[in-house]
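# Remarks on the overall topology
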Amino acid sequence: MASTTETKQKKMLILKSADNDEFEIEESVGVQSETIKNLVEDGFTFVPLPNVYTKALIKIIDYLKKHANKTDSNDEEIKTFDKDFVNTTFDDLFELVSAANYLHISCLMNMLCQTIADRIKDKSPEAVRKIFHINCDYTPEEEAKIRKANAQAFEGQFDESLD
Amino acid sequence: MGDWSELHRDILLLIVRRINLIEDFLNFGTVCKSWKSVTTRDNFNSSLPRAPWLMISVNDDDDDQDDDNPCTKFFSLYNGMNLKKWIPEIYGKRCLESMGWLITVGIYRGEISLLHPFSRDEIELPHQCITELYHANKTSLPGNFVQKAVLSANPFHTSDFVLMTIQGEYQFLSFWRPGDPLWTRIRIRNYFSDVVYFSDQFYAITCDGCIQVCDVFGSEATGVHVLTHLPPWIDGKYYILESLGSLFVVSQDGVDIRYFKDGWKRIPQMHMESEDDDDDEEEKMYADRTTTFLVFQIDLATCNVTPIRDLGDQAFFLGANASLSVQASQFPGIKPNHIYFTDNYLDPYIHLVEGGGLDMGVFNLADGSIQPHYNGVCHSRDCPPVWITPTPC
């Protein structure tokens, strides 16, 4: 979408993912990330991101572009974009939240963490472990103790589904 | 594929501070050790909206009849979750709730404490017998001495809090701060019906509908000044509460059920045998049933009192000590524009063998109907069912 009327040369940055793919983006888009902003302020135009894989980086660049173009009139459009953005698998959310944390993009972090908190609502600890590929590191005795300490002899049904 | 147990601690913190249901918060800590490390009480975000649970007193539920091991049951209206907990500290005590803490008053000995039901942290408070003019102000049952108790802040988070109460036969406002050897009584007026902590002040309403603001934080002597009055024709028991940043007053009106003998599904109740059995029958009827509520909004700037017929998305929770407002759309099981209430009449506890607790239900502001919100009997000699917003220990 190169604008022909644009005369001023836009400052560009190159981001390099952990799997060595390079992406060129406008500086104004990239500096929404505190991590990138700090590097730009130190004079870098080539930004290696050893903790961010290509798959997550593509999605995050998409997010940054969309949010860089925020105006008063496209509020609804951005809301819809955000909703679609987080409507993904838990594995993707893991990659995204780790990347967003590394890149220090606070609005994205807030959105992702809220999504994760909402999606584990009502889930049993067993279901949460399966979803997040977590091996329980409690011994059965320790786990029994915690459940008892919580004293939450919950009688209700927690959600065992993995979506 | 990521292993989420290795998720950065900062991220876990951001997630855990967004969990509003206590059961989800506690489950979070059960997942694995690193997740457990962030589920501390400080990370239970107190600014998130929460709906109260119904706390049903020791031994009140039919299937919990175990005298040696009395249990307290907590019931969540919005997801039907139950939890049972053994809290021996509240046995034989009347409990009032504020900010997840219980203000407990011994039924017969009258001792007063602040107790966190899950951590079982306990703060002993000055005994009622050393309050001013106790002989004149005491209630016939010591357990009824404190009729309302409100915290200004959670004692877990600060030692700079005030516990405001309504005390005694004459219903004085009296407060306590950590370190105080005695309760401080506000003597300007009495016969208070309810008090709420709202935007750094205590607002109170008297039994005759006078709404007052009370400053206990200033360096000057405690000041109380009158804001406004309810119209005189409004009868009943008054509550004062905060909702969406505004102050509301609710009046609860009921009838003595002797006039409704056949209209209600009656549970047999027996009067206590008293020394003066010569009293006529009229004196012996004490069971009340709520019939209606009226809601008023108080404009603090103009002091205008406006009747409200629609609460919008809000649901109010009222009862023994509770005066809360919850945004219904955030909690699927909670109905908007309804008032959830629990028994708040003290007489049955004194005069009926079975005690009180039966006057409970949910009032629909749109059509004035009352439906049950809990399918069980909550008779108690000791403690009425109360609304409690659980917080972790």
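Computed from a predicted structure; not experimentally measured.

As a further point, take the overall build of chain A. Helices and strands together make up the secondary structure of chain A, namely 8 helices and 3 strands. Relative to the compact-globule value of 15 Å for 163 residues, chain A shows a C-alpha radius of gyration of 20 Å, a clear excess of over 25%. Principal-axis analysis of the C-alpha atoms places the extent of chain A at approximately 70 × 35 × 20 Å. For chain A, with 163 residues in total, the buried portion stands at 42%.

Scanning chain B from N- to C-terminus turns up 5 helices and 25 strands. Counting all 393 residues of chain B, 56% fall into the buried class. Across chain B, the fraction of contacts at a sequence separation of at least 24, relative to all contacts at a separation of at least 6, is 55%. Carbon and sulfur atoms make up 49% of the accessible area of chain B, which amounts to about 16800 Å² in all.

What follows is about the pairing of strand E19 (residues 305-308) of chain B. Along any regular strand the residues' side chains alternate between the sheet's two faces. All names here are of chain B. When strand E18 (residues 288-298) meets E19, the two strands line up antiparallel, connected through 4 bridges. In the strand pairing of E19, Val295 is matched with Ile308. Linking E18 to E19, which pair antiparallel, is a turn of 6 residues; within it Cys303 sits at a positive phi near 65°.

Turning to the packing of helix H4 (residues 75-86) of chain A against helix H6 (residues 106-119) of chain A, a few remarks are in order. Residues and elements named next belong to chain A. At their nearest, the axes of H4 and H6 sit 11 Å apart, and the two run at 55° to each other. The orientation of H4 with respect to H6, classified from their angle, is oblique. When the axes of H4 and H6 are compared, the crossing they make is right-handed. Within the contact between the two elements, H4 uses Asp82, Phe85 and Val86 and H6 uses Leu108, Met111, Leu112, Thr115 and Arg119. A breakdown of the residues in the contact of H4 with H6 according to their chemical character gives 5 nonpolar, 1 polar and 2 charged.

So, on to the UniProt feature "domain: SKP1 component POZ" (unreviewed entry) in chain A. In this structure's numbering, the residues bearing the UniProt feature "domain: SKP1 component POZ" (unreviewed entry) are residues 11-69 of chain A. Span residues 11-69 of chain A is 46% helix and 22% strand, its end C-alpha atoms 16 Å apart.

The biggest cluster of nonpolar side chains holds 92 residues, and the ones touching the most others in it are A:Phe132, B:Trp35 and B:Ile334. With 8 residues, helix H5 (residues 90-103) of chain A is the largest single contributor of residues to this core.

Right, let's talk about the pattern of salt bridges for a bit. All names here are of chain B. Applying the stated criterion across every chain yields a total of 11 salt bridges over all chains. In this structure, Lys148 engages Asp194 in a salt bridge whose closest nitrogen and oxygen atoms are separated by 2.9 Å. With Lys148 in strand E8 (residues 146-151) and Asp194 in strand E12 (residues 192-198), this residue pair connects regions lying 46 residues apart in the sequence.

With that out of the way, let us pick up the packing of H6(A) against helix H1 (residues 9-16) of chain B. H1(B) packs onto H6(A) with a crossing angle of 65° between their chain directions and a minimal axis gap of 8 Å. Helix-helix and strand crossings are classified by hand; for H6(A) and H1(B) the assignment is right-handed. Contacts between H6(A) and H1(B) pair A:Met109, A:Cys113, A:Ile116 and A:Ala117 from the former with B:Ile11, B:Leu14 and B:Ile15 from the latter. Among the residues making up the contact of H6(A) with H1(B), the classes are represented as 7 nonpolar, no polar and no charged.

Attention now moves to the interface of chain B and chain A. Contact residues are listed per partner, giving 35 residues for chain B and 40 residues for chain A. Buried surface at the junction of chain B and chain A, summed over both partners, amounts to about 3400 Å²; 64% is from carbon and sulfur atoms. Inspection of the region where chain B meets chain A yields 8 residue pairs in polar contact (both at pLDDT 80 or more). Of all elements in the fold, only H1, helix H2 (22-31), helix H3 (33-36) and strand E3 (82-85) of chain B reach the threshold of two or more residues within the side of chain B that touches chain A. For the side of chain B that touches chain A, the leading source of residues is H2(B), giving 8 residues. A breakdown of the residues in the side of chain B that touches chain A according to their chemical character gives 17 nonpolar, 9 polar and 9 charged.

Before going further, it helps to spend a moment on the state of the cysteines. Residues and elements named next belong to chain B. For the coordinates displayed, the defined rule picks out 0 disulfides over all chains. Between Cys210, a cysteine without a disulfide, and Cys303, which holds the nearest cysteine sulfur, the sulfur-to-sulfur distance is 11 Å. Overall, Cys210 belongs to the buried group, its relative accessible area being 0%.

Our next topic: the sheet that holds E12(B). Strand pairing in a sheet relies on backbone hydrogen bonds. The paired strands run either parallel or antiparallel. Residue and element names in this part refer to chain B. Across the sheet, 4 strands lie side by side as E12-E13-E14-E15; this open sheet has antiparallel pairing. Because the sheet does not close on itself, it has two edges, and the strands there are E12 and strand E15 (223-229). Shown here is a sheet whose adjacent strand axes are inclined to one another by a mean of 25°, direction ignored. With 6 bridges joining them, E12 and strand E13 (residues 201-206) adopt antiparallel strand pairing. Residue Tyr197 lies in a different strand from E13, and its bridge partner there is Phe202.

Another point: unusual backbone geometry. All names here are of chain A. Phi is positive for Asp122, close to 70°, though the residue is something other than glycine. If you trace the backbone, Asp122 turns up in the loop between H6 and helix H7 (125-131). The class of Asp122 is partly exposed, set by a relative accessible area of 26%.

Attention now goes to the packing of aromatic side chains. Scanning the model with the defined rule gives 20 aromatic pairs over all chains in all. For the ring pair A:Tyr63 and A:Phe85, a centre distance of 5.4 Å and an interplane angle of 50° mean the geometry is tilted. With a gap of 22 residues between them, A:Tyr63 in helix H3 (residues 54-68) and A:Phe85 in helix H4 connect regions that are remote in the sequence. For the pair A:Tyr63 and A:Phe85, a shared accessibility class is recorded, and that class is buried. Aromatic pair B:Phe75 and B:Tyr374: ring centres 5.2 Å apart, planes at 65°, arrangement edge-to-face. Taken as a pair, B:Phe75 in strand E2 (residues 72-75) and B:Tyr374 in the loop between strand E24 (370-371) and strand E25 (386-388) lie far apart in primary sequence, 299 residues in all. Among the residues examined, B:Tyr374 registers a relative accessible area of 9% and is labelled buried. Grouping aromatic residues by their ring pairs yields a cluster made of A:Phe90, A:Phe132, B:Phe28 and B:Trp35. The aromatic ring of B:Phe156 is capped on one face by B:Arg41, whose charged end is 3.4 Å from the ring centroid. The cationic tip of B:Arg50 hangs over the ring face of B:Phe44; the distance from NZ or CZ to the ring centre is 3.7 Å.

Basis of the calculations
Residues numbered from 1 in each chain as written. Chains lettered and ligands numbered in written order. Predicted model: local features only at pLDDT ≥ 70, side-chain atom pairs only at ≥ 80, totals over all residues. Heavy atoms only, no water. Helix = DSSP H or I, 4+ residues; strand = E, 2+ residues; numbered from the N terminus. Rg over C-alpha atoms; globule rule 2.2 N^0.38 Å. Buried < 20%, exposed > 50% of the residue type's maximum accessible area, 1.4 Å probe, protein only. Contact = heavy atoms within 4.5 Å. Areas by Shrake-Rupley, 256 points an atom, 1.4 Å probe, with all protein chains shown as cover. Pairing = 2+ DSSP bridges. Axes fitted to C-alpha atoms, helices over the stretch in contact; angles between N-to-C directions. Parallel < 35°, antiparallel > 145°, perpendicular 65-115°, else oblique. Left-handed = near helix turned anticlockwise from the far one by under 90°. Nonpolar A, V, L, I, M, F, W, Y, C, P; charged D, E, K, R; others polar. UniProt positions renumbered as here; feature names shortened; annotations may be inferred. Core = buried A, V, L, I, M, F, W, Y, C linked by side-chain atoms within 4.5 Å. Salt bridge = Lys/Arg side-chain N within 4 Å of Asp/Glu carboxyl O. Buried area = accessible area lost by both parts, 1.4 Å probe. Polar contact = N/O pair within 3.5 Å; in protein donor to acceptor, adjacent residues only side chain to side chain. Disulfide = S-S within 2.5 Å. Phe/Tyr/Trp six-rings, centres within 6.5 Å; stacked < 30°, edge-to-face > 60°. Lys NZ or Arg CZ within 6 Å of the ring centre and 35° of its normal.

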